[in-house]
Structures are given as structure tokens and as C-alpha cells.
Amino acid sequence: MALNNSGDQEAECLRVLTSSNHFEVLQLMVAVVQSDVVRKQYKRIALRVHPDKNNSPDAEQAFKAVSVAYDCLSDDNEQQNYLDELTHGRHSKQYDQRTDRKDGFSQKSFVPKRKWWEHKSWAEVEVEIKRQEAAWKEHIANEVAEYQERKEMKSAYQKRRRARVHNRLAPLYAKYGLNDDFTERSVVK
């Protein structure tokens with residue numbers, strides 16, 4: 001299925017190029033995957049990012065990334081080695097030999113990205129956690145304030161509506177001698 005919109009084409013290429021591992025490139029779960037499933041996903045995504053079908057300037061690089069991911073995940077042994085590296089941080093000789101390819105495209109860019117806290121000191125991590133916590137509290141406070149404002153606006157609307165209805169019915173109340181609760185008025189003579 002080719003993408004019609006150039007924005008969709010660029011988004012698909014960007015998604016492929018910013019993926020952190022081969023499973024993410026082929027939109028698969030990080031687990032052992034059968035080779036026929038890998039092949040189907042490869043065909044589907046390769047068709048979307050192929051330079052002949054996709055007008056994005058990054059299409060060629062994205063197509064190479066999809067091909068590298070397919071090469072790695074289509075072989076059961078190589079997939080298991082790659083999965084071990086992802087889940088346990090193990091490096092196998094077979095996988096390390098494939099990091100530099102003849103086509104100039106390197107798999108090193110697909111090593112899982114480090115988490116933001118892995119390259120910071122404890123003090124920096126504490127500061128970042130406090131910043132995120134403060135941002136979350138501010139977000140919750142804003143949500144509560146918006147909820148209260150909506151609630152007040154709804155209450156004010158209902159009061160205005162009741163007043164309009166009362167004003168429209170006031171002549172009838174007077175004509176038939178009724179109170180607001182539709183009971184007869186006690187007439188004082």
C-alpha cells in the first residue's frame with residue numbers, strides 16, 4: 001500500500017529512521033517472531049518507503065534501514081542473537097560482524113537508545129525527577145481548574161435558562177394565580 005500524501009510519506013520515513021531497533025522498524029513486538037510474519041511486515045513497509053514509491057528525500061535511507069532490519073530478523077539465529085542483545089545487553093560475534101555493511105549503511109544506529117537517566121549523575125536525575133513531578137502537579141492543577149470553570153459555566157447557564165423559563169411563564173403564573181411550584185396562591189382579601 002503506497003502512501004498518497006507526501007506528509008504521510010515523510011512521516012513513515014521519519015518513523016523508520018528514528019526507530020530504536022529492528023523490531024520497531026518493522027512494527028513488531030520485541031519477541032521471537034516467525035520468519036513469515038517478518039517477511040509480510042517487510043513487504044508492507046518496504047513498499048511504503050521504497051524510493052520509487054515514496055517522494056521523501058529520506059526514502060532511500062529508510063528503505064535501507066528496513067532492509068537491514070529484515071536481514072537481521074528473517075534469520076532465526078540472527079534474530080535470537082539480536083533479541084538477546086536487546087533484552088540482556090549481550091553481544092554476539094555474529095551480530096558484531098554485521099555492524100558495517102558493504103553498502104555503507106551501518107546497523108550501529110539501531111542499537112537501542114540510552115534512557116535519559118543513564119548518562120546523568122544522581123543529582124541531575126533528582127533535579128529532572130523533581131522538574132517532571134512539578135510539571136505533573138501543574139498539569140493536574142490546570143485540569144482541576146478547567147473542570148471547576150466548566151462546572152461553574154454550566155451552573156451559570158442553567159441559572160440563566162431557569163430565569164428565561166420563569167420570565168416566559170410569569171404571565172401564566174399571574175393569570176392563573178399560581179406560585180412558582182404550580183400551587184395556588186393564597187389570595188388575601
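Relevant structure appears above.
All residue numbers here refer to positions counted from 1 along the written sequence of the relevant chain. Where local features are concerned, this predicted model is filtered to residues with pLDDT of at least 70; where side-chain atom pairs are given and counted, the filter is 80 or more; whole-chain, interface and lining totals use all residues. Each side-chain value is worked out from all heavy atoms of the structure, with water and hydrogens disregarded.

(A) View of a negative patch on the surface. On the surface, Glu-143, Glu-146, Glu-149 and Glu-152 cluster together to form a negatively charged patch. Within the fold, Glu-143 resides in helix H7 (residues 122–176). Two joining distances apply to patches: 9 Å for like charges and 5 Å for nonpolar side chains (Val, Leu, Ile, Met, Phe, Trp, Tyr), and every residue must have over 30% relative accessible area and no salt bridge. Each accessible area value is a Shrake-Rupley result obtained with a 1.4 Å probe; residue values ignore everything except the protein chains displayed when judging cover. Just to be clear on terms, a salt bridge is a Lys or Arg side-chain nitrogen sitting within 4 Å of an Asp or Glu carboxyl oxygen. Under the convention used here, Asp and Glu are negative, Lys and Arg are positive, and both His and the chain ends fall outside the count. For charged residues, the charge sits on one atom: NZ in Lys, CZ in Arg, CG in Asp, CD in Glu. Only DSSP runs of H or I covering at least 4 residues are called helices, and only runs of E covering at least 2 are called strands; the numbering of each starts at the N terminus.

(B) Looking closely at the nonpolar core. Judged by nonpolar contacts, the single largest core of 22 residues is most densely connected at Val-16, Phe-23, Leu-26, Leu-28, Val-66 and Leu-73. Contributions of two or more residues to this core are made by helix H1 (6–17), helix H2 (22–25), helix H3 (35–49), helix H4 (59–74) and helix H5 (76–88). No other element matches H4, which puts 7 residues into this core. When checking whether two residues touch, look at their non-hydrogen atoms; a contact exists if any pair is within 4.5 Å. Setting aside chain neighbours within four positions, we find Leu-26 in contact with Val-38, Gln-41, Tyr-42, Ile-45, Val-66, Ala-69, Tyr-70 and Leu-73. In this description, a nonpolar core means a group of buried Ala, Val, Leu, Ile, Met, Phe, Trp, Tyr and Cys residues linked to one another through side-chain atoms lying within 4.5 Å. Residue burial is assigned from relative accessible area. The probe radius is 1.4 Å, only protein chains are included, and a residue is buried under 20% of its type maximum, exposed over 50%, and partly exposed in between.

(C) Molecular detail of the side chain of Gln-79. With respect to the helices, strands and loops of the structure, Gln-79 is situated in helix H5. By the criterion applied in these results, polar contacts are pairs of N or O atoms within 3.5 Å in which, for protein atoms, one can donate a hydrogen and the other can accept it, and in which residues neighboring in sequence qualify only through two side-chain atoms. Engagement of the side chain of Gln-79 in a polar contact is seen with the backbone oxygen of Leu-73, the distance being 2.7 Å. For Gln-79, the residues in contact, after removing those within four places along its chain, are Phe-23, Ala-31, Val-32, Val-33, Val-38, Cys-72 and Leu-73.

(D) Layout of the pattern of salt bridges. Tallied over the entire structure, the rule returns 4 salt bridges. Where Arg-131 meets Glu-128, a salt bridge forms, and the shortest distance between an N and an O atom there is 2.6 Å. Here Glu-128 and Arg-131 lie together in helix H7, a separation of 3 residues that amounts to about one turn. For Arg-131, a relative accessible area of 47% corresponds to the partly exposed category. Its relative accessible area of 16% is what places Glu-128 among the buried residues.

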